[in-house]
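Here's the letter readout for the chains.
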Amino acid sequence: MVAVHPLTMKVLRDIARLKGQATAIALIVASGVGVLVMSLAAMQAITSTAEAYYDRYQFAHVFAEAKRIPRAVARDIARLEAVRTVEARMVRYATVDISGFEEPVMAVLVSLPENAAAEVNRLVLRRGRIPDPHRADEVIVVEPFADAHDLHLGDRFSALLNGRKRDLQIVGVALSPEFVYTIGPGALMPDDARYGVIWMGEAVLAAAYDLDGAFNSVAITVWPGADMPSLLARLDALLEPYGGVGAYARNDQISNWFVMNEIAQLRSIASIMPPIFLIVAAFLTNILLARLVFIERSEIGLLKAFGYSHATMAWHYTKFVLIIAAGGVLVGWVLGYLLGRWMTGIYATLFNFPLLVYAPDIDVYSLSAAFSIVAALIGAVAAAYHAASLPPADAMRPPSPPRFRQNPGGLQARALARLDQPTRIIFRQLLRRPLRTLLTSLGVSAAVAVLVASLQWRDAISWMVTDFFDNQQRQDISVSLVESAPLAVARALERLPGVLATEAYRSVSTRIRFESRHRREALIGIPANGQLEVLRDAHGRNVPLPEHGLLMSGAMAKILGVQVGDVVRVEVLEGRQPTLTVPVAATFETLIGTPVYMHIDALNEALEEPRTTNHLRARIDERHASALFARLKSLPTISGVMLKRAAVDLFNKTIGETMYVVIAFYSGFAVLLAYGVIYNNMRISLSERGRELATLRVLGFSSGEVAYMLFGEAAVLTLIGLPVGCLGGWLLAEFMATGFETELFRLPVRIAPSTYGLAIVLVLFSALTSAALVARRLVRLNLISVLKTRE
Amino acid sequence: MGAQEAASAVLVARNLVKVYGSGELEIRALDGVDLTLYESELIVLVGASGSGKSTLLNILGGLDAPTSGEVLFRGQPLDLRNDRTITEYRRRHVGFVFQFYNLIASLTAEENVALVTEIADAPIAPREALAMVGLGDRLQAFPAELSGGEQQRVAIARAIAKQPQLLLCDEPTGALDSKTGVLVLSALERVNRELGTTTALITHNRATAGMADRVCRFSDGRIIETTVNTHRTPAEQLEW
Ligand SMILES: Nc1ncnc2c1ncn2[C@@H]1O[C@H](COP(=O)(O)OP(=O)(O)O)[C@@H](O)[C@H]1O
Ligand SMILES: [Mg+2]
């Protein structure tokens, strides 16, 4: 039989005795570990999947588009330094008509090389086969699109290729590293039913779009260690004569950008949330252990008198902490593993990976364990040191009553003089240990702050949805034209069934230059006093459109380093490709993208193409929607139709599925945090003052009055913590918004009063739960045994 | 028991039994105790450690309930199991002094006393109570700033400030040296004399018995002997 060392036995008994507090601390550690494991594991799943997928299917490193590049240029590109493989191809957008689906659908058409399999951006053929080069109607469609429409091999649908309706047949279903996140142009998120990818033979596309002997898009892989900036510059120079609109690296490729952005957000969560939990856990450990050492000081003295070393005593109390932390880590691992798997499952539907392997490696576990144990040890160090350094004789002597002091006639004394004795007891306790009071309140604040910062996502999203879809985008549908057309088409559209009102816009692809900086962006011409798109800034204020000059988003102004009054060069990348010099008339903050606007008349005038449009917005009568959609699908001049209602529904559905569950989890963790802090505070108070409270009972105070003295302290701490936490939550929200900020997307911080209210209610709920649990102990307080002993 | 005596009885305990544990481990801490405390008397309880003195005092003061038997306060039976009535009883009628002073560390001497006077019906002023125990000049001191004897005297002042009918003291001098102990006993004696508070005092010190009106000797949970002193020795003259 192995004898358990009595000191080890003592640690286990201590933990059993303090199980409530030990559990609370362990749960906070578990929350921190859980969030860390979840985000790291999900991050790892996406990162390693993307890496493996990109590598195996040769996802391009560099992309470039132009109007029409002669075939021969592909060889020049291949000769550029660092270039490994070049895939010259055709990429065009088209509208698609799928029987049974009323609304118009947009698709991107990508050419497949005639005689060889693509070397770059290889397809993952999920079903079927590669189209026969001799059959013009055979195509491959992207898997989520096929699934959304329940399309099978052999099914047919039609597409408008350059204005001509073509009947197409599905021979294959595939995925591509280029379309992991299939988001259509101008959309806020992927809509598998309304945006798809179609691969077809290059001869078919070349014929349809008049690109024989040419291509309009190039995808390139490079050798490791390639000098990207110089490659991009050379590529730009090479494609310039062919209407090149600027080469870009993988980082700026839209699908990959979203994947990387998701990884960055997970990293940001991993670096913000867990530290909050672990710091609070360290603080609580510190208090609990300090109390334990204090209670056991005579035992420590005795053990030392027996000859146990300082180190043994320090290690004894450190073990206590390690066991609690280890318990938290284990629970956190399981929790984090499950949450991570759930999150990864969400990513699996969001991102089209051929497979998503969820197998967090050992580092995730060891890292989270290491962090928590270090945090716990930091919490333990002071108390363990104290235990080690207690001189035996001192430790055996009973303590004199804790010192209280006041300056009679001082401000504090005068303030307290107005209170009754029980209330005075509460405040003197709080003031005696100002640091502990402060830190406990901060612990409560941390919980409120995490709650506010988590719950406010709802506000941010609903504000954005309302602002974007209700206040800004007031059209029901928007229609893109294949080519610019006279304004008269707006009136033609107005005559279609169900159309109530239309407005004409113009969008031109441009490269905007200022000094040495430049940037590609669509310059959007909008009508003055437009009713269907109302420009609003990040604060929800309407932005007036200047009659002349550019109205530039603040984000774009920052990229270019321009200020109002500066004159920029606008290189138009279509049509005659003129270069305009235009002053920046005004800037405004936007939440999405880096848009640049101009009065449509001023834009048309500058382009010397008066009264031209390529984008229309319309309000429609829902009752005639079917008839209208049927007409729109058959109009060859239209390259795409977007429905606002569909976008809103999709947004709400996607957000509802994921965001709210995530918010619920973080809120749960935050409630746990509040509970842990408050419960521990009450238990420590009860332990420190059990004797005092028993004395009060003996003196004739009722259980209620005694409870007031015990819980009053926690109540004051909580009440201090609430407003500080609300403020902290706002700051945390701002901080996270900055952390998540990208060029494409900025999150507004728009915390509704009800969010603060809900956070406060949840924390008060944890406080009441803690109080209820501790009250049971208060009722059971044994008056006689407490009074018979010293401490 | 004469009619007059019965009328002046503050507290009557009848056939009190207190059993801890059960079966083999059963301990009869009180084994049929009858005791009457009369108006204004000072009674001292002596006996070996473990003989049941504290158990009795705790039951009389409403801190504990007996296994059987009853307690009458001014002729009315006390429901010792009802928290409400018992809290009320302690609050209005009973003052306690323990071996450990049990002062509230966060309150000054005066505030410790005020703690009780705030919830009492007809209290004496905290200053007055402290003056009575010889601490009129230490009102603003916190417990940590007082000696053991001073702390115990604050505890006495706190116990008597509400003018209780009963003052129950469990070894109040147990943690004190003899000189300080005498000061504490003098304070108790003075309270008993000036306020007429019925006082029951547990002590280990035989000499203390001299200051009592009556002395009850305990053994094995019973009162085995009661002595009536015809003459009370003033506390200052007690020989330790
Ligand atoms: N809570 C308890 N549980 C079990 N036994 C107890 C308890 N309190 C007192 N006793 C026992 O009751 C007996 C009387 O104790 P007590 O009244 O404290 O004696 P005294 O005060 O005379 O020294 C002792 O044997 C003691 O061990
Ligand atoms: Mg005793």
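This one's a predicted model, so the numbers in the text were calculated from it and none came from an experiment. (Residues numbered from 1 in each chain as written. Chains lettered and ligands numbered in written order. Predicted model: local features only at pLDDT ≥ 70, side-chain atom pairs only at ≥ 80, totals over all residues. Heavy atoms only, no water.)

Asker: Requested: an account of the sheet that holds strand β9 (residues 214-219) of chain B, with residues and values cited.
Answerer: Residue and element names in this part refer to chain B. Strand order in the open sheet formed by 6 strands is β6-β7-β8-β3-β9-β10, with mixed pairing between adjacent strands. Every other strand in the sheet has two partners, leaving β6 (94-97) and β10 (222-228) as the edge strands with one partner each. Geometrically, the sheet is characterised by an average inter-axis angle of 20° between neighbouring strands, direction not taken into account. Here β9 pairs with β10 via 6 bridges, running antiparallel. Looking across to β10, one finds that R217 is bridged to E225. Strand contacts of helix α3 (residues 83-93): β6 and β7 (166-170), with the helix running at about 80° to β6, the strand carrying the most contacts. (Pairing = 2+ DSSP bridges. Helix = DSSP H or I, 4+ residues; strand = E, 2+ residues; numbered from the N terminus. Axes fitted to C-alpha atoms, helices over the stretch in contact; angles between N-to-C directions. Contact = heavy atoms within 4.5 Å.)

Asker: So what about the confidence of the model for chain B? Which residues, and what values?
Answerer: Residue and element names in this part refer to chain B. Within chain B, residue pLDDT values average 89, and 97% of them lie at 70 or more. Ranking the helices and strands of chain B by mean pLDDT puts strand β8 (residues 198-202) first, with 95, and helix α1 (residues 3-7) last, with 50. Scoring the predicted complex yields pTM 0.82 and, for the interface, ipTM 0.84. (pLDDT = per-residue confidence, 0-100.)

Asker: Tell me about the interface of chain A and chain B, residues and numbers included.
Answerer: With 31 residues of chain A at the interface, the matching set in chain B holds 30 residues. The tally of links from chain A across to chain B stands at 4 salt bridges. Taken together, the links from chain A to chain B amount to 12 residue pairs in polar contact (both at pLDDT 80 or more). Every element with two or more residues in the side of chain A that touches chain B is listed here: α13 (421-432), α19 (644-698), α20 (703-740) and α22 (783-788) of chain A. Tallied by class, residues from the side of chain A that touches chain B come to 12 nonpolar, 8 polar and 11 charged. (Salt bridge = Lys/Arg side-chain N within 4 Å of Asp/Glu carboxyl O. Polar contact = N/O pair within 3.5 Å; in protein donor to acceptor, adjacent residues only side chain to side chain. Nonpolar A, V, L, I, M, F, W, Y, C, P; charged D, E, K, R; others polar.)

Asker: Requested: an account of the environment of D192 of chain A, with residues and values cited.
Answerer: All names here are of chain A. Along the chain, D192 falls in the loop between β8 (164-175) and β9 (195-201). It is 5.9 Å that separates the C-alpha atoms of D192 and P144, two residues lying 48 residues apart in sequence. Non-local contacts of D192, meaning those with residues more than four positions away in its chain, are made with P144, F145, A148, H149 and T182.

Asker: Describe the pairing of β8 of chain A, and please don't skip the residues or the numbers.
Answerer: All names here are of chain A. Direction of pairing for strand β5 (residues 124-128) relative to β8: antiparallel, over a ladder of 4 bridges. Counterpart to L125 in the pairing with β8 is A174. Pairing of strand β6 (residues 138-142) with β8, which is carried by 5 bridges, proceeds in the parallel orientation. Residue pairing in the sheet places E138 in a bridge with Q169 of β8. Taking the residues between adjacent antiparallel strands as the criterion, strand β7 (residues 156-161) and β8 are bridged by 2 residues, where N162 takes a positive phi near 50°.

Asker: Help me get a handle on the sheet that holds strand β1 (residues 9-20) of chain B, residues and values and all.
Answerer: Residue and element names in this part refer to chain B. Spatial strand order, β2-β1-β4-β5: 4 strands in an open sheet with antiparallel pairing. With partners counted over all chains shown, the strands left at the sheet margins are β2 (27-38) and β5 (76-77), one partner each. Bridge analysis of strand β4 (residues 68-73) against β5 gives 2 bridges, and the strand direction is antiparallel. Pairing of F73 across the sheet is with Q76, part of β5.

Asker: Kindly report on the pattern of salt bridges, identifying the contributing residues and their values.
Answerer: Where charged atoms from two side chains of opposite charge come close, those side chains can pair. Residue and element names in this part refer to chain A. As enumerated under the stated definition, the model contains 50 salt bridges over all chains in all. The shortest N-O distance in the salt bridge between R79 and D76 comes to 2.9 Å. The exposure class assigned to R79 is exposed, which follows from its relative accessible area of 62%. Among the ionic contacts, a cluster of salt bridges with common partners joins R129, R135, D137, E138, R156 and D167. (Buried < 20%, exposed > 50% of the residue type's maximum accessible area, 1.4 Å probe, protein only.)

Asker: Lay out unusual backbone geometry with the relevant residues and their values.
Answerer: Residues and elements named next belong to chain A. The backbone of Q577 shows a phi angle near 55°, a positive value even though the residue is not glycine. Looking at the secondary structure, you find Q577 in the loop between β16 (567-572) and β17 (579-588). The class of Q577 is partly exposed, set by a relative accessible area of 30%.

Asker: How would you sum up the site of ligand 1? Please name residues and give values.
Answerer: Close to ligand 1 lie 12 residues, the nearest being G50, G52, K53, S54 and T55 of chain B. Residue neighbours of ligand 1 fall on chains A and B, so the site bridges chains. One of the backbone nitrogen or oxygen atoms of G50 of chain B is found 2.6 Å away from an oxygen atom of ligand 1. Burial of ligand 1 by the protein amounts to 67% of the accessible area it has alone, namely 560 Å². Listing elements by their share of the shell around ligand 1, those giving two or more residues are β2 and α2 (53-60) of chain B. In terms of residue count, α2 of chain B provides more of the shell around ligand 1 than any other element does, 3 residues in total. (Near = heavy atom within 4 Å. Areas by Shrake-Rupley, 256 points an atom, 1.4 Å probe, with all protein chains shown as cover.)

Asker: Account for the side chain of N102 of chain B, with residues named and values stated.
Answerer: Residue and element names in this part refer to chain B. By secondary structure assignment, the location of N102 is in the loop between β6 and α4 (109-117). By relative accessible area, which is 8% here, N102 ends up buried. Here F100 takes part through its backbone oxygen, which lies 3.0 Å from a polar atom of the side chain of N102.

Asker: Hey, could you go over the domain arrangement of chain A for me, with residue numbers and the actual values?
Answerer: One frequently used descriptor of interface size is the decrease in accessible area upon assembly of the parts. Assigned domains of chain A: these are domain 1 (1-44 + 264-399), domain 2 (55-254), domain 3 (433-474 + 644-791) and domain 4 (499-620). One C-alpha centre belongs to domain 1 of chain A, the other to domain 4 of chain A; they are set 56 Å apart. (Domains from an automatic or database assignment.)

Asker: Summarise the packing of helix α9 (residues 310-350) of chain A against helix α10 (residues 362-389) of chain A; cite the residues concerned and give the values.
Answerer: Packed helix pairs are characterised by how far apart their axes lie and by the angle those axes make with each other. Residues and elements named next belong to chain A. Across the interface, α9 lies against α10 with an axial gap of 8 Å and an inter-helix angle of 155°. Put simply, α9 runs roughly antiparallel to α10. Of the two possible hands of crossing, α9 and α10 adopt the one that is right-handed. Seen from α9, the contacting residues are H310, M313, A314, Y317, T318, V321, L322, A325, V329, W333 and Y337; seen from α10, they are Y365, S368, A369, S372, I373, A376, L377, A380, A384, A387 and A388. Of the residues belonging to the contact of α9 with α10, the class tally is 18 nonpolar, 4 polar and no charged. (Parallel < 35°, antiparallel > 145°, perpendicular 65-115°, else oblique. Left-handed = near helix turned anticlockwise from the far one by under 90°.)

Asker: Any details on the packing of aromatic side chains? Residues and values, ideally.
Answerer: All names here are of chain A. Taken as a whole and assessed by the stated rule, the structure comprises 22 aromatic pairs over all chains. When the ring of Y54 is compared with that of F59, the centres are 4.3 Å apart and the planes differ by 40°; the resulting orientation is tilted. For the pair formed by Y54 and F59, the shared burial category is buried. Aromatic pair F588 and Y597: ring centres 6.1 Å apart, planes at 45°, arrangement tilted. Given the relative accessible area of 6%, F588 is considered buried. Note that R84 overlies the ring of W223, its terminal NZ or CZ placed 4.9 Å from the centroid. (Phe/Tyr/Trp six-rings, centres within 6.5 Å; stacked < 30°, edge-to-face > 60°. Lys NZ or Arg CZ within 6 Å of the ring centre and 35° of its normal.)

Asker: So what about the side chain of H615 of chain A? Which residues, and what values?
Answerer: All names here are of chain A. Structurally, the position occupied by H615 is in strand β19 (residues 612-620). Here the side chain of H615 touches S480 through a polar contact of 3.4 Å, side chain to side chain. When sequence neighbours within four positions are dropped, the list of residues in contact with H615 reads S478, V479, S480, L481, E503, A504 and Y505.

Asker: Give a detailed account of the nonpolar core, specifying residues and quantitative values.
Answerer: The biggest cluster of nonpolar side chains holds 223 residues, and the ones touching the most others in it are W199 and F320 of chain A. When residues of this core are assigned to their parent elements, the largest contribution, 23 residues, is made by α19 of chain A. Other than its neighbours up to four places away in sequence, F320 of chain A contacts V11, D14, I15, L18, L288, L289 and L292 of chain A. Within the second largest apolar cluster, 39 residues are counted, among which are A157, L167, L201 and A235 of chain B. (Core = buried A, V, L, I, M, F, W, Y, C linked by side-chain atoms within 4.5 Å.)

Asker: Can you break down the pairing of strand β18 (residues 596-599) of chain A residue by residue, with the values?
Answerer: All names here are of chain A. On β18, burial covers both faces: V596 and M598 on one face and Y597 and H599 on the other are all buried. Bridge count between strand β14 (residues 517-526) and β18: 4 bridges; the pairing is parallel. Considered in β18, the bridge of G525 is made with M598. With 3 bridges connecting them, strand β15 (residues 550-553) and β18 associate as antiparallel partners. Bridged to L550 within β18 is M598.

Asker: If you had to explain a positive patch on the surface to someone new, which residues and values would you point to?
Answerer: A contiguous patch of positive charge on the surface is contributed by K19, R776, R777 and R780 of chain A. Tracing the sequence through the fold places R777 of chain A in helix α21 (residues 753-779). (Patch = residues over 30% accessible without salt bridge, like charges linked within 9 Å, V, L, I, M, F, W, Y side chains within 5 Å. Lys, Arg positive; Asp, Glu negative; His and termini not counted. Charge placed at Lys NZ, Arg CZ, Asp CG, Glu CD.)

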